[in-house]
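Each chain, written out:
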Amino acid sequence: MTRTHGASIAAVVLALLFAGGAVTVASADREDAPATPTSASADAGFARDMSVHHQQAVEMSFIVRDRTDDADVRRLAYDIANTQANQRGMMLGWLDMWGLPKVESGTEPMSWMGMGGHGDAGPLDGALMPGMATRTELDRLRKADGKEAEILYLQLMTDHHKGGVHMAQGCVDRCSVEIERNLAQGMVDAQESEIGLMAQLLKERGAKPRA
């Protein structure tokens, strides 16, 4: 791994570690802070949806770890898996603390931020939310090796991060619990930084993000 890549990845890790210190952003869309968030609140919706979103990022990172020996990609995958697994645990813990279900039946993903999800058509090949990989894409990643696996992972994770940034910004604008807004802002900052790093890793492999 080059010194430049080591510094870039280290910067991303530091941004994730200090996510809790991110400043809050005022928004007219934000809900008034209740004593405990309700099940229909942005706080609960974000915690549920981002937990699902994070779980797939962890899954993809473990897949690519076993499909390549490249130090840069394996280190990035480890950082993403470790960070997002920890954040997922925090969000599920908040739902437990608030006495709210981790799954809300009859509620479409991201409805808390005014998005209708996939509606009656159902999720597209298993992709429940924007940025998530489909079942077909995950199968391709499992079958790929070496450089092919690295490129596919970086492209899929770039899309995944873009969807995650959009959702996290929705919480920054709407969530009422300060610690949750701070975590969401940290996600925005860190994942945008990782998107830049992944673009560089793709360029070195003669590839680029899909969109």
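Everything numeric in this text was worked out from a predicted model, so none of it was measured.

1. Notes on the confidence of the model for the protein
Point 1. Per-residue confidence for the protein averages 86 on the pLDDT scale, and 79% of its residues sit at or above 70.
Point 2. Here residues 2-28 is a poorly scored stretch, pLDDT under 50, and it has 38 contacts once near neighbours within four places are set aside; other chains count.
Point 3. A low-confidence stretch, residues 118-122 stays under pLDDT 50, and its non-local contacts, those more than four residues away or across chains, total seven contacts.

2. Here's the deal with the side chain of arginine 48
Point 1. Counting through the fold element by element, arginine 48 comes out in helix H2 (residues 42-65).
Point 2. Take arginine 48: its relative accessible area is 8%, and that puts it in the buried class.
Point 3. A polar contact of 2.8 Å, which involves the side chain of arginine 48, links it to the backbone oxygen of proline 101.

3. Quick notes on the nonpolar core
Point 1. Counting 27 residues, the largest nonpolar core has Phe46, Met91 and Met167 as the members making the most contacts within it.
Point 2. Of all elements in the fold, only H2, helix H3 (71-98), helix H5 (146-174) and helix H6 (178-204) reach the threshold of two or more residues within this core.
Point 3. Ranked by size, the runner-up nonpolar core spans 23 residues in total, among them Val64, Tyr153, Leu154 and Leu202.

4. Digging into H6
Point 1. Here H6 spans 40 Å end to end across 27 residues, near enough to the 39 Å set by a 1.5 Å rise per residue.
Point 2. Of the residues flanking the end of H6, it is glycine 206, one or two places downstream, whose phi is positive at about 70 degrees.

5. Examining H2
Point 1. With 24 residues, H2 extends 34 Å between its outermost C-alpha atoms, agreeing within 8% with the 34 Å of an ideal straight helix rising 1.5 Å per residue.
Point 2. Counted residue by residue, H2 has 19 buried out of 24 residues, so it is predominantly covered.

6. Quick notes on the pattern of salt bridges
Any two side chains of opposite charge can pair, given that their charged atoms come close.
Point 1. One pass over the structure, following the stated rule, counts twelve salt bridges.
Point 2. Aspartate 96 is the partner of lysine 102 in a salt bridge, and the nearest nitrogen-oxygen pair spans 2.5 Å.
Point 3. As a salt-bridge pair, glutamate 204 and arginine 205 come within 3.9 Å of each other at their nearest N and O atoms.
Point 4. Bridged by salt links that share partners, the residues Asp70, Glu150, Glu204 and Arg205 form one connected network.

7. Comments concerning the packing of aromatic side chains
Point 1. Counted under the stated rule, the structure contains two aromatic pairs.
Point 2. Judged by centre distance (6.4 Å) and plane angle (20 degrees), the rings of tryptophan 94 and tryptophan 98 are stacked. Here tryptophan 98 and tryptophan 94 lie together in helix H3, a separation of four residues that amounts to about one turn.

8. Considering the packing of H2 against H5
Point 1. Where H2 contacts H5, the two axes come as close as 10 Å, and the packing angle between them is 165 degrees. Compared by their axis directions, H2 and H5 come out roughly antiparallel. Here H2 runs over H5; the crossing is left-handed. Two secondary-structure elements touch here, H2 through Ala42, Phe46, Asp49, Met50, His53, Gln56, Ala57, Met60, Ser61 and Val64 and H5 through Ala149, Tyr153, Leu156, Met157, His160, Gly163, Gly164, Met167, Ala168, Cys171 and Arg174.
Point 2. Among the residues forming the contact of H2 with H5, the class breakdown is 13 nonpolar, six polar and two charged.

So, how was this worked out
Residues numbered from 1 in each chain as written. Predicted model: local features only at pLDDT ≥ 70, side-chain atom pairs only at ≥ 80, totals over all residues. Heavy atoms only, no water. pLDDT = per-residue confidence, 0-100. Contact = heavy atoms within 4.5 Å. Helix = DSSP H or I, 4+ residues; strand = E, 2+ residues; numbered from the N terminus. Buried < 20%, exposed > 50% of the residue type's maximum accessible area, 1.4 Å probe, protein only. Polar contact = N/O pair within 3.5 Å; in protein donor to acceptor, adjacent residues only side chain to side chain. Core = buried A, V, L, I, M, F, W, Y, C linked by side-chain atoms within 4.5 Å. Expected span 1.5 Å × (residues − 1). Salt bridge = Lys/Arg side-chain N within 4 Å of Asp/Glu carboxyl O. Phe/Tyr/Trp six-rings, centres within 6.5 Å; stacked < 30°, edge-to-face > 60°. Axes fitted to C-alpha atoms, helices over the stretch in contact; angles between N-to-C directions. Parallel < 35°, antiparallel > 145°, perpendicular 65-115°, else oblique. Left-handed = near helix turned anticlockwise from the far one by under 90°. Nonpolar A, V, L, I, M, F, W, Y, C, P; charged D, E, K, R; others polar.

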